[in-house]
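If you want the building blocks of each chain, they are given just below.
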Amino acid sequence: MHDVIRVLALSKSKEEMFSVVYDCSKTTSLIGKARRMSIQGADSMLPRHVLTHVRSLLVFDKCVHMDGLSASFTSLKLLSVLDLEGAPVRSIPVQVFSLFNLRYLGLRGTEIEVLPKEIKKLQNLEVSDAYNTKIATLPEEMTKLRKLRHLFVSGIQDGTYSNVVLSTGVTAPQGKWHSASLQTLQNLKENDEMLQNIACLSELRTLGITDVRSGQSARLCNAISKLCNLQHLLLSSKGDEVLQLPSVELAQTIQKLEVGGPLGKDTARNFFASIRCLESITHLQLWFSMINQDFFCYLRSDCLQSLCILHAFEREKMSFSAGSFPKLRSS
């Protein structure tokens with residue numbers, strides 16, 4: 001952005017009260033009509049007149065006192081975006097569940113342990129981001145959110161290897177999803193009911209399944225094969241169990257594919273052969289696959305731009321035939 005345009009944008013933003021930064025050390029008389037507010041310092045309850053017009057509330061202060069902030073939520077009748085990423089909160093304030101207009105709930109990086117049943121009151125919720133939290137199980141009420149489109153969830157990160165972030169999955173809620181517009185489900189632990197339910201979600205674009213067991217290969221392949229609009233797929237096995245996916249049919253819309261865990265021989269051969277036929281794939285990530293050179297010879301793609309192989313090869317030297325990845329930019 002050109003400097004002149006930036007100055008003009010900042011001036012217009014201030015004039016229109018597009019967004020403001022709240023700091024308890026500053027006067028609040030000038031921000032009474034703000035619709036978007038970021039909190040970078042609050043050691044007490046915010047004045048009610050400050051929150052009357054707020055539609056978006058972002059908390060950036062990791063030392064903010066949530067008790068005082070929670071009491072202020074009763075004034076946020078028009079709030080549609082609440083982002084508490086990284087805030088020192090262990091449970092969702094009960095006042096949040098009275099925010100009927102809430103469409104985005106950000107809990108990423110918090111210490112939240114449970115999503116309470118009251119979550120079903122947020123019937124306008126479209127995005128729920130509970131990535132990297134202490135949540136272990138999703139309540140059945142989560143499936144009753146009819147407008148939910150994106151659900152990001154995972155336990156505390158196990159660690160990072162190279163550029164691969166390993167996170168634990170979360171137990172999927174019981175019952176059939178009531179939202180027909182779900183586009184993102186990441187990351188859920190594999191089980192029979194979950195696989196049956198996701199097969200009916202034809203609008204899914206992003207899917208992450210962890211703790212995949214060898215005995216569920218047929219159900220998993222069947223579920224994935226029915227997702228014709230899938231763009232991003234992540235699969236990781238349970239412990240050292242071998243991923244058996246010999247009959248999986250990947251949608252031509254797949255752009256990003258991430259697979260973690262040992263691959264069976266038939267799976268590796270057919271899996272790599274199917275990747276060659278994908279016309280949209282640009283990113284492939286394999287970790288702990290334990291594959292030898294005999295099967296890597298099947299891996300090639302005219303579209304692949306990024307290839308990440310982490311502890312996936314059994315030998316010291318890896319080789320591919322010339323022209324295997326004509327568009328590759330990073331590896």
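Residues numbered from 1 in each chain as written. Predicted model: local features only at pLDDT ≥ 70, side-chain atom pairs only at ≥ 80, totals over all residues. Heavy atoms only, no water.

Draft legend 1. Structural view of the overall build of the chain. Check the secondary structure of the chain and you find 7 helices and 16 strands. Per-residue burial over the chain gives 49% buried out of 331 residues. The long-range fraction of contacts in the chain, counting pairs at least 24 apart against all pairs at least 6 apart in sequence, stands at 43%. (Helix = DSSP H or I, 4+ residues; strand = E, 2+ residues; numbered from the N terminus. Buried < 20%, exposed > 50% of the residue type's maximum accessible area, 1.4 Å probe, protein only. Contact = heavy atoms within 4.5 Å.)

Draft legend 2. The pattern of salt bridges, seen in detail. Enumeration according to the criterion identifies 5 salt bridges in this entry. Notably, a salt bridge pairs R205 with E203, separated by 3.3 Å at the nearest N-O pair. What makes R205 partly exposed here is its relative accessible area of 23%. Residue classification places E203 among the partly exposed positions, given a relative accessible area of 31%. Residues K238 and D211 are paired through a salt bridge, measuring 3.7 Å at the closest nitrogen-oxygen approach. Residue K238 is located in the loop between β13 (232-237) and β14 (256-260), and its partner D211 is located in strand β12 (residues 206-212); the two are separated by 27 residues in the primary sequence. (Salt bridge = Lys/Arg side-chain N within 4 Å of Asp/Glu carboxyl O.)

Draft legend 3. Just a positive patch on the surface, in detail. A cluster of basic side chains, namely K117, K120, K121, K144 and R146, defines a positive patch on the protein surface. Looking at the element boundaries, K121 is found in the loop between β5 (104-106) and β6 (127-130). When its relative accessible area of 48% is taken as the criterion, K121 is described as partly exposed. (Patch = residues over 30% accessible without salt bridge, like charges linked within 9 Å, V, L, I, M, F, W, Y side chains within 5 Å. Areas by Shrake-Rupley, 256 points an atom, 1.4 Å probe, with all protein chains shown as cover. Lys, Arg positive; Asp, Glu negative; His and termini not counted. Charge placed at Lys NZ, Arg CZ, Asp CG, Glu CD.)

Draft legend 4. Local environment of helix α1 (residues 3-15). Counted at 1.5 Å a residue, the expected span for α1 with its 13 residues is 18 Å, and the 18 Å between its end C-alpha atoms agrees. Positive phi shows up at M17, right after α1, with a value of about 55 degrees. (Expected span 1.5 Å × (residues − 1).)

Draft legend 5. Region of interest: empty space enclosed by the protein. Applying the stated rule across the entire model yields 1 cavity of 30 Å³ or more. The calculated volume of the largest cavity comes to roughly 30 Å³. For the lining of the largest cavity, the elements supplying multiple residues, two or more each, are β11 (184-189) and α4 (192-198). Counting residues per element, the lining of the largest cavity draws most heavily on α4, at 3 residues. Split by residue class, the lining of the largest cavity holds 7 nonpolar, 2 polar and no charged. (1 Å grid on protein atoms, 1.4 Å probe; cavity = no way out; pocket = protein on both sides within 12 Å on 5 of 7 lines; lining within 4 Å. Points joined across faces, edges and corners; volume = space filled by probe spheres on them. Nonpolar A, V, L, I, M, F, W, Y, C, P; charged D, E, K, R; others polar.)

Draft legend 6. Seen up close, the nonpolar core. L105, L185, I198 and L257 are the most contacted members of the largest nonpolar core, which totals 88 residues. When sequence neighbours within four positions are dropped, the list of residues in contact with L185 reads L151, W177, I198, L201, L204, T206, L207 and G208. (Core = buried A, V, L, I, M, F, W, Y, C linked by side-chain atoms within 4.5 Å.)

Draft legend 7. Representation of the pairing of strand β7 (residues 150-153) within the structure. Of the strand pairs in this sheet, β6 and β7 are connected by 4 bridges, and their pairing is parallel. Directly across from V127, in β7, lies its bridge partner H150. Bridge analysis of β7 against β11 gives 3 bridges, and the strand direction is parallel. For L151, the partnering residue across the bridge sits in β11 and is L185. (Pairing = 2+ DSSP bridges.)

Draft legend 8. Representation of the confidence of the model for the chain in the model. Averaged over every residue, the pLDDT of the chain is 85; the share at 70 or more is 89%. Per-element mean pLDDT across the chain ranges from 57 in strand β8 (residues 157-161) up to 97 in β5. (pLDDT = per-residue confidence, 0-100.)

Draft legend 9. Spatial organisation of the packing of aromatic side chains. According to the stated counting rule, one finds 1 aromatic pair in the structure shown. For the pair F271 and F272, a centre-to-centre distance of 6.2 Å together with 45 degrees between the ring planes defines the contact as tilted. Like F272, F271 is buried. (Phe/Tyr/Trp six-rings, centres within 6.5 Å; stacked < 30°, edge-to-face > 60°.)

Draft legend 10. Helix α5 (residues 217-225), seen in detail. All of the buried residues along α5 are S217, L220, C221, A223 and I224. For α5, the buried positions fall inside an angular range of 165 degrees around the axis, keeping them on one side. Close packing links the buried residues of α5 with α4, β12 and β13. (Arc of directions from axis to C-beta.)

Draft legend 11. Here's a closer look at the side chain of S56. With respect to the element layout, S56 can be found in strand β3 (residues 56-59). Under the relative-accessibility criterion, S56 is labelled buried at 15%. Among all residues touching S56, those that are not within four sequence positions of it are R35, R36, M37, L79 and V81.

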